[in-house]
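Chains, contacts and geometry: an overview
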Amino acid sequence: MTFDEIQRRAISKWEALEASEKPRIFIGTATCGRSAGALAVRETIEAELERRRIDAIITEVGCIGLCYAEPLMDITKPGRPRICYGNVTPEIATQLIEDYIVNDNPCSDLALGTIGDGSIEGIPKFFDLAVLKPQVRISLRNCGFIDPENINHYIARGGYSGLAKALGVSPEAVIDEVWKSGLRGRGGAGFPTARKWKFCRGAAGEEKYIICNADEGDPGAFMDRDLLEGDPHSMLEGMLIGAYAIGAAEGYIYCRAEYPLAIARLNIALQQMREYGLLGDNILGSDFSFDIRIKEGAGAFVCGEETALMMSIEGKRGMPRSRPPFPAISGLWGKPTNINNVETWANVSAILQRGGEWFASYGTEKSKGTKNFSLAGKVKRTGLIEVPMGITIRQIVYGIGGGIPADKKFKGVQTGGPSGGCLPASALDLPVDYESLTAAGSIMGSGGMIVMDEDTCMVDMARYFLTFTQAESCGKCVPCRVGTRQMLDILERVSKGNGEPDDIEKLEKLAITVRDCSLCALGGTAPNPVLTTIRYFRDEYEAHINEKRCPALVCKALISYYILPEKCEGCGICLRDCPVEAISGGKRMVHIIDQDRCTKCGTCLDVCPPRFSAVVKVSGQHITVPEKPIPVSVSKGKKG
Amino acid sequence: MSKQLSQILDAYQDEKGTLIPILQEVQGEFGYLSEEALSEIAKFLEISQNEIYGVVTFYTQFRFTPPPEHTIKVCLGTACHVRNGADILDVVERELDIQPGGITKNHQFGLERVACFGCCALAPVMVVDNNVHAKMTVPKAKQILAKYGWEGKGT
């Protein structure tokens, strides 16, 4: 079959589906949707449709990015725009079937927005919502709209036309097109993709390899998982285009084992590609032959580093080696190898489909196109977003994210995971591009973006990231193995209130040594969280060291919980819920926390009824309480 | 050599870079990597057991002992950390009286700390076997343990 025939068939199937007289129901069943209960919603919908004998088409789609509103369920009725509903429970799903599908009431109060032509009174347009308006969808173009297990859906929306175009021109012309787009690696470092390909194409040797790095190891990052679960073909098409451009016949996808759904969907996608002649010998009737294998990671963060990743594919301990030689010259099995990450590959397919100039029309002078971020932490609307480069952090946090929950104060934003840095409120108007983030001491990174509010302690954040990198250091080079350990020891003593006056200087010295002398990027970037928190939040370090006080009330060794005798009503709720039985008292007796036994989990503060608000959390402050429980009337009497 | 093991190994003839996939499949089949299995894999791949041991201990996925009935994984990714995931780990540690990496005496529960499940928007999360429990609190953690049959310390 020629590509034109494949495409025609896919489009006619898609159009028939769009023109269907049956109602259509879409459910987001990526991992995030499933965690929020999407599969239970699906079961309820199926049972309800069966019971009412309604003939509807159910499609499982990937994540559209609105994780805060999961599970999502969309309904399309013939001749009407699609309506997206959020926070759907089995009960709400049942209600929507009755109210909208049967009785034609669209339940606008439950709807988030409408998608497609036409409008419905009382429901805004989905893409006009504050969370979506600033976004531009290139790599995530199909997520939430297609069935990721159906290759026809991908093809009907332009899929594999980029590959067909590439196969019609020379490999050099393909590299030129990517050059025009200005695409830079989305894995974090931002190396120009076309330049990397050129090196590998020019490298001596017949046998070459292509690798997709899907070992998304940064804690707080889930962009690639969502992309693979929602639209695996966009990445796979990119790999094929890259393989053709470089002259590779074999490719590997290195995916972390923690993503079983992504791996399952990739396997289905590869199977369908084979059936369509898009994988194997003589792809689409051309001279180009290429095959792809999936390698599952076995749990090692360092394997996200390219040389370590290749060691792991070869079946060895995943330890990095020094470069040069770069993988483009000597990579997997000693052959020229080109590695890009999931998001980069998904952009490549879009670039070949729509042209390098179109892609370059988004973004800034040096950072073209869009970037995906997983927005999480202390922000109202968490989720997966794709924004044009150059957007400000303020637009992301306040525009897309809706600001900080409970009207707390914004403290900072962390980008780039353990390799990145914490940026303060003064960086809110910083444009998001490779150069600006690096100049501010952080990095673009792979796309984790964690928002922090006044309740986040920056010393604790630095300690947290160092704990992670120290544990994940492979141990091959001394600066990383020993240096991160020494830095962590200092951070631990500071957060326990045992910091010494010159600890900040010691940390800075160590950080620079580890940064400059480590073998690979794990060690080279591990000090970033420490350096940026010292640079922007030095006063917090000083409070811990000089005053033995944690201003954000986070570091457990420096905080205490007390029950204010004048406010306690002796209701017994905290006493009952305390997991370590550290609270004494009785009915109508003032409750008292045994400070030696308290583990500072904060449950008492959470459960104390707001009308009493008797529990307080303090640092560097002592509150006088009775030695033994006394009747509530006595303590009130004293006050009154 | 057991029949299952030889079946697994037979499928990997004439391929390169197969050590990790073999280990993964053997552990998937038997739940852990036994001494016997490692020695058979070494013979099959014609490499030393020492080399295999080096690989097995490098990656956190592999284990040398049979897995517990239920595995509890508490996420301490960045989003879970800023939303107090450590308190969830604390309460589970205390309830089960084990540290991460440990297994309860009755072999009912094992506890692991994990760096990120990618469910950051639902933080903090705790995963029991393959079920994700979102937006965890300390009381909720205790309820979930009870749901899986935990009867308290000393079990």
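Analysis parameters
Residues numbered from 1 in each chain as written. Chains lettered and ligands numbered in written order. Predicted model: local features only at pLDDT ≥ 70, side-chain atom pairs only at ≥ 80, totals over all residues. Helix = DSSP H or I, 4+ residues; strand = E, 2+ residues; numbered from the N terminus. Rg over C-alpha atoms; globule rule 2.2 N^0.38 Å. Buried ≥ 20, exposed ≤ 12 C-beta atoms within 10 Å, placed from the backbone. Contact = placed C-beta atoms within 7 Å. Pairing = 2+ DSSP bridges. Nonpolar A, V, L, I, M, F, W, Y, C, P; charged D, E, K, R; others polar. pLDDT = per-residue confidence, 0-100. Axes fitted to C-alpha atoms, helices over the stretch in contact; angles between N-to-C directions. Parallel < 35°, antiparallel > 145°, perpendicular 65-115°, else oblique. Core = buried A, V, L, I, M, F, W, Y, C linked by C-beta atoms within 7 Å. Domains from an automatic or database assignment. Arc of directions from axis to C-beta. Expected span 1.5 Å × (residues − 1).

Some words on the overall build of chain A
On a plain count of helices and strands, chain A comes out with 24 helices and 18 strands. A compact globule built from 640 residues would reach a C-alpha radius of gyration of about 26 Å, and chain A, at 28 Å, matches this within 12%. Principal-axis analysis of the C-alpha atoms places the extent of chain A at approximately 90 × 70 × 40 Å. Within chain A, the fraction of its 640 residues that count as buried is 55%. Within chain A, contacts between residues separated by at least 24 positions form 73% of all contacts whose residues are at least 6 apart in sequence.

A word on the overall build of chain B
Along the backbone of chain B there are seven helices and four strands. Mapped from its N terminus to its C terminus, chain B presents α and β elements in the order α-α-α-α-β-α-α-β-β-β-α. Out of the 155 residues belonging to chain B, those deemed buried represent 38%. Taking all contacts inside chain B whose residues are at least 6 apart in sequence as the whole, residues at least 24 apart take part in 58%.

Let's talk about the pairing of strand β15 (residues 559-563) of chain A
All names here are of chain A. With four of five residues buried, β15 lies mostly within the body of the structure. Here five bridges tie β15 to strand β18 (residues 615-619), and the two strands are oriented antiparallel to one another. Bridge pairing in β18 links Y561 to K617.

With respect to the interface of chain B and chain A
Between chain B and chain A, the contact holds 36 residues from the first and 45 residues from the second. Counting only elements with at least two residues in the side of chain B that touches chain A, the list comes to α2 (19-30), α4 (49-58), α5 (78-82), α6 (85-96) and α7 (138-147) of chain B. The residue makeup of the side of chain B that touches chain A, split by class, is 22 nonpolar, ten polar and four charged.

Looking at the confidence of the model for chain B
Looking at chain B as a whole, the pLDDT averages 91, with 98% of positions reaching at least 70. At the level of chain-chain contacts, confidence expressed as ipTM amounts to 0.92, with global pTM at 0.94.

Describing the pairing of strand β11 (residues 383-388) of chain A
Residues and elements named next belong to chain A. Where burial is concerned, most of β11 is hidden: six out of the six residues are buried. Neither face of β11 is left uncovered, since the one carrying G383, I385 and V387 and the one carrying L384, E386 and P388 both have all their residues buried. A loop of five residues connects strand β10 (residues 370-377) with β11, the two strands running antiparallel in sequence.

Comments concerning the sheet that holds strand β4 (residues 82-85) of chain A
All names here are of chain A. Strand order in the open sheet formed by five strands is β2-β1-β3-β4-β5, with mixed pairing between adjacent strands. Each having just a single partner strand, β2 (57-61) and β5 (111-115) make up the two edges of the open sheet. When the angles between neighbouring strand axes are averaged without regard to direction, this sheet yields 20°. Pairing of strand β3 (residues 73-76) with β4 involves three bridges; the strand directions are antiparallel.

Considering the packing of helix α10 (residues 232-246) of chain A against helix α13 (residues 342-354) of chain A
Residues and elements named next belong to chain A. Relative orientation of the contacting elements α10 and α13 amounts to 75°, with a least axis distance of 7 Å. The angle between α10 and α13 places the two elements in the roughly perpendicular class. Between α10 and α13, the contacting residues are S234, M235, E237, G238, M239, I241 and G242 on the first element and V342, W345, A346, V348, S349 and L352 on the second. Residues belonging to the contact of α10 with α13 are distributed by class as follows: eight nonpolar, four polar and one charged.

Digging into the nonpolar core
Residues A:M487 and B:V125 are the most contacted members of the largest nonpolar core, which totals 225 residues. Broken down by element, this core gets its largest block of residues, nine residues, from α10(A). With residues up to four places along the chain from it excluded, the contact list for A:M487 reads A:L466, A:L507, A:L510, A:A511, A:V514 and A:V530. Counting 18 residues, the second-largest nonpolar core is a separate cluster that includes A:C568, A:A582, A:A614 and A:V615.

A short note on the packing of helix α9 (residues 223-230) of chain A against α13(A)
Residue and element names in this part refer to chain A. As a packed pair, α9 and α13 sit with axes 9 Å apart at the nearest point and diverge in direction by 45°. In terms of their interaxial angle, α9 and α13 are classed as oblique. Taking contact as the criterion, the partners of M223, D224, L227 and L228 in α9 are, on α13, V342, E343 and A346. Residues of the contact of α9 with α13, tallied by class, amount to five nonpolar, no polar and two charged.

Remarks on the sheet that holds strand β6 (residues 209-214) of chain A
Residues and elements named next belong to chain A. Strand order in the open sheet formed by four strands is β8-β7-β6-β9, and the pairing between neighbours is parallel. Looking at the sheet topology across the chains shown, the edges are occupied by β8 (291-296) and β9 (337-341). Averaged over all adjacent pairs, the angle separating strand axes in this sheet is 20°, with direction ignored. Both β6 and strand β7 (residues 250-255) contribute to a ladder of six bridges, which runs parallel. Across the sheet, I211 pairs through a bridge with Y252, a residue of β7. In this fold α13 packs onto β6 and β9, with an angle of close to 95° to the strand it touches most, β9.

Quick word on the domain arrangement of chain B
Segmentation of chain B into domains returns domain 1 (3-58) and domain 2 (70-147). One C-alpha centre belongs to domain 1 of chain B, the other to domain 2 of chain B; they are set 31 Å apart.

Some points on the domain arrangement of chain A
According to the domain assignment, chain A consists of domain 1 (16-127), domain 2 (160-360), domain 3 (370-453), domain 4 (458-546) and domain 5 (556-639). For domain 1 of chain A and domain 5 of chain A, the distance between their C-alpha centres works out to 47 Å.

Describing α4(B)
Residue and element names in this part refer to chain B. Looking at α4, one finds that the buried residues are I52, V56 and F58. For α4, the angular spread of buried residues about the axis comes to 165°, placing them on one side. Seen from the buried face of α4, the exposed residues on the opposite side, beyond 90 degrees, are N50, G54 and T57. Against α2 and α3 (35-45) lie the buried residues of α4.

Some thoughts on unusual backbone geometry
At the junction of A:R323 and A:P324, the peptide bond is cis and its omega measures out at 0° in the coordinates. Mapped onto the elements of the fold, A:P324 is located in the loop between α12 (306-313) and β9. Along the chain, B:A123 connects to B:P124 via a cis peptide bond; the corresponding omega equals -10°. Along the polypeptide, B:P124 turns up in the loop between β2 (109-114) and β3 (126-128). Of note, A:N87 is a non-glycine position whose phi angle comes to about 50°, a positive value. Examined against the element boundaries, A:N87 turns out to sit in the loop between β4 and α4 (90-102). One non-glycine residue, B:K135, lies in positive phi territory at about 45°. Looking at the secondary structure, you find B:K135 in the loop between β4 (131-133) and α7.

Describing helix α19 (residues 503-517) of chain A
All names here are of chain A. The first and last C-alpha atoms of α19 sit 21 Å apart over 15 residues, in line with the 21 Å expected at 1.5 Å per residue. Regarding α19, the residues found buried are L507, L510, A511 and V514. For α19, the buried positions fall inside an angular range of 105° around the axis, keeping them on one side. Opposite the buried face of α19, at more than 90 degrees from it, the exposed residues are E505, K509 and D516. Structurally, α19 contributes buried residues whose contacts are with α18 (478-495), α20 (521-525) and α21 (528-546).

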